[in-house]
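# Structure assessment
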Amino acid sequence: MEDNLNQSYDEFTLNFKLEEDVPIDQYEMTMYNYEFVGNRTKCTCVAIDGVRALQFKVPATLPLEQFLRKELYKGEFLSILSNILNQLIYFSENNMPLNKLLLNVHYMYIELSTMDIQLLYMPVNKKFADCNVTEFIQTFIEKCRFAGYASVNCVEDILNFLDSKLMFNLEDFYKYVLALQQQSINEDKGIKEPVEDTQLQTTSETYNNPVPYLVRVKTNELIPILHKEFMVGKSVNCDYQIVDNKKVSRKHAIFRISNGECYVRDNASTNHTFINGQLLQPGVEIMLSNDDNIRLGDEEFKYWVK
């Protein structure tokens, strides 16, 4: 897909070239074109000089990339972050894959009067790259400039919070950011109540830190993935050893947790690794989603996050 951009005072028009054989997902198009949590962007399929394209009408004042050239105060930063997270929850709750979002500040827009963020979503049926929300948050923070110690300390708290969790949970992280946002609002009003620190501590302690599991289909065994790198095979040196299947290699596959998501790669096994029936090339990592089917040779597992 390629884009071109036309700009008026309060609206941006973006066109993305769309291959002829790529179908529109009508459900996703309809859900995206509803107004939700500040997003009022509209998407339609159009023909431009005989070329099929997705056209976005974006009601906004500035590209977010341009806005981020200024130094952000704590309240501004938290408002932008919470708005983005709230939209991600909308997509997730409506079964719209997050990897169809253009999670890049180059394709995000801000309405200065409300601080609402406009995100672009591709409602088409084609394969997109994996989406790691934690990586996006870290990249987003790297692109920001901050005004004062309060902003810098807030960002450090957020990064430390994310680093302390094995897996990422969108809804609970959003609650944590909202608690930080309420604290910032109270500080601006001159309200100093110890309960705010208690609220943040409680939110952090009750953050749902999910555990990723492999479910061995043959035995229904639950295998928790508790290390950043988790080896599966028939070697005694593996984190999970399979001793009763000759099709499984000694060190068959490696599961790796990074930035709150779990990835798997084939370790040059003899009988290969398959994800949802698709061959995984040796050394290539793929991010797992809940209920993915994983086959090591002919040994089947389900990936499950509790």
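The structure we're discussing is the one just above.
Since the structure is predicted, the reported quantities are computational estimates derived from the model, not experimental observations.

What counts as what
Residues numbered from 1 in each chain as written. Predicted model: local features only at pLDDT ≥ 70, side-chain atom pairs only at ≥ 80, totals over all residues. Heavy atoms only, no water. Helix = DSSP H or I, 4+ residues; strand = E, 2+ residues; numbered from the N terminus. Buried < 20%, exposed > 50% of the residue type's maximum accessible area, 1.4 Å probe, protein only. Contact = heavy atoms within 4.5 Å. Areas by Shrake-Rupley, 256 points an atom, 1.4 Å probe, with all protein chains shown as cover. Lys, Arg positive; Asp, Glu negative; His and termini not counted. Charge placed at Lys NZ, Arg CZ, Asp CG, Glu CD. Phe/Tyr/Trp six-rings, centres within 6.5 Å; stacked < 30°, edge-to-face > 60°. Lys NZ or Arg CZ within 6 Å of the ring centre and 35° of its normal. Core = buried A, V, L, I, M, F, W, Y, C linked by side-chain atoms within 4.5 Å. Salt bridge = Lys/Arg side-chain N within 4 Å of Asp/Glu carboxyl O. Pairing = 2+ DSSP bridges. Axes fitted to C-alpha atoms, helices over the stretch in contact; angles between N-to-C directions. Parallel < 35°, antiparallel > 145°, perpendicular 65-115°, else oblique. Left-handed = near helix turned anticlockwise from the far one by under 90°. Nonpolar A, V, L, I, M, F, W, Y, C, P; charged D, E, K, R; others polar.

### Things to note about the overall build of the protein
When its secondary structure is counted, the protein shows seven helices and 20 strands. With the C-alpha coordinates of the protein rotated into their principal frame, the extents come out at 65 × 60 × 30 Å. Here the protein holds 306 residues, and the buried ones make up 51% of them. Pairs at least 24 apart in sequence give 60% of the contacts found in the protein among residues at least 6 apart. Per element, the accessible surface of the protein, about 15300 Å² overall, is 48% carbon and sulfur. Taking the average place of the 30 positive charges on the side chains of the protein and the average place of its 43 negative ones, the gap between the two points comes to 6 Å.

### Regarding the packing of aromatic side chains
A complete count under the given rule lists 18 aromatic pairs for this structure. For the ring pair Tyr-90 and Phe-91, a centre distance of 5.8 Å and an interplane angle of 75° mean the geometry is edge-to-face. Judged by its relative accessible area of 0%, Phe-91 is buried. An angle of 35° between the planes, with centres 5.4 Å apart, marks the rings of Tyr-213 and Trp-304 as tilted. Pair noted here: Tyr-213 is in strand β10 (residues 212–216) and Trp-304 is in strand β20 (residues 299–305), with a separation of 91 residues, a long-range link. Through a chain of ring-to-ring contacts, the aromatic side chains of Phe-16, Tyr-32, Phe-36, Phe-56, Tyr-90, Phe-91, Tyr-107 and Tyr-121 assemble into a single cluster. Note that Lys-165 overlies the ring of Phe-161, its terminal NZ or CZ placed 5.0 Å from the centroid. A cation over a ring is seen here: Arg-256 above Tyr-263, with NZ or CZ 5.4 Å from the ring centre.

### Looking at the side chain of Arg-265
Mapping Arg-265 onto the fold places it in strand β15 (residues 261–266). What Arg-265 contacts, discounting residues up to four positions off in sequence, is Glu-229, Ala-253, Ile-254, Arg-256, Leu-280, Gly-283, Val-284 and Glu-285.

### A short note on the nonpolar core
Formed by 68 residues in total, the largest nonpolar core has its most connected members in Phe-77 and Ile-158. Per element, the largest residue contribution to this core is ten residues, and it comes from helix α3 (residues 74–93). Phe-77 has contacts with Leu-72, Phe-140, Ile-141, Cys-144, Phe-146, Val-155 and Ile-158, leaving out every residue within four places of it along the chain. Core analysis: the second largest hydrophobic core is formed by 22 residues, Tyr-240, Cys-262, Val-264 and Leu-296 among them.

### A short note on the pattern of salt bridges
Oppositely charged side chains can form a pair if their charged atoms are brought close together. Overall, the coordinates contain eleven salt bridges when judged by the stated rule. Residue Asp-244 pairs with Arg-216 through a salt bridge whose shortest N-O separation is 2.7 Å. Of the two residues, Asp-244 sits in the loop between β13 (240–241) and β14 (253–258) while Arg-216 sits in strand β10, which places them 28 residues apart along the sequence. Overall, the relative accessible area of 6% leaves Arg-216 in the buried class.

### Section: the sheet that holds strand β7 (residues 109–111)
A sheet is described by the order of its strands in space; here three strands give the open sequence β5-β7-β8, paired in antiparallel fashion. Since the sheet does not close on itself, it has two edges, and those belong to β5 (62–63) and β8 (116–118), each with one partner. Sheet topology places β5 next to β7; two bridges connect them, and they run antiparallel. When the sheet's bridge partners are listed, Leu-62 is paired in β7 with Ile-110. Contacts from α3 reach β7 and β8 within the one sheet, and its direction differs from that of β8 by about 50°.

### Points about the packing of α3 against helix α4 (residues 133–143)
Contact geometry for α3 and α4: axes closest at 12 Å, N-to-C directions at 155°. One way to sum up the angle between α3 and α4 is to call them roughly antiparallel. For α3 against α4, the interelement crossing comes out right-handed. Mapping the contact onto sequence places Phe-77, Ile-80, Ile-84, Leu-85 and Leu-88 in α3 and Val-133, Phe-136, Ile-137, Phe-140 and Ile-141 in α4. When its residues are assigned to classes, the contact of α3 with α4 shows ten nonpolar, no polar and no charged.

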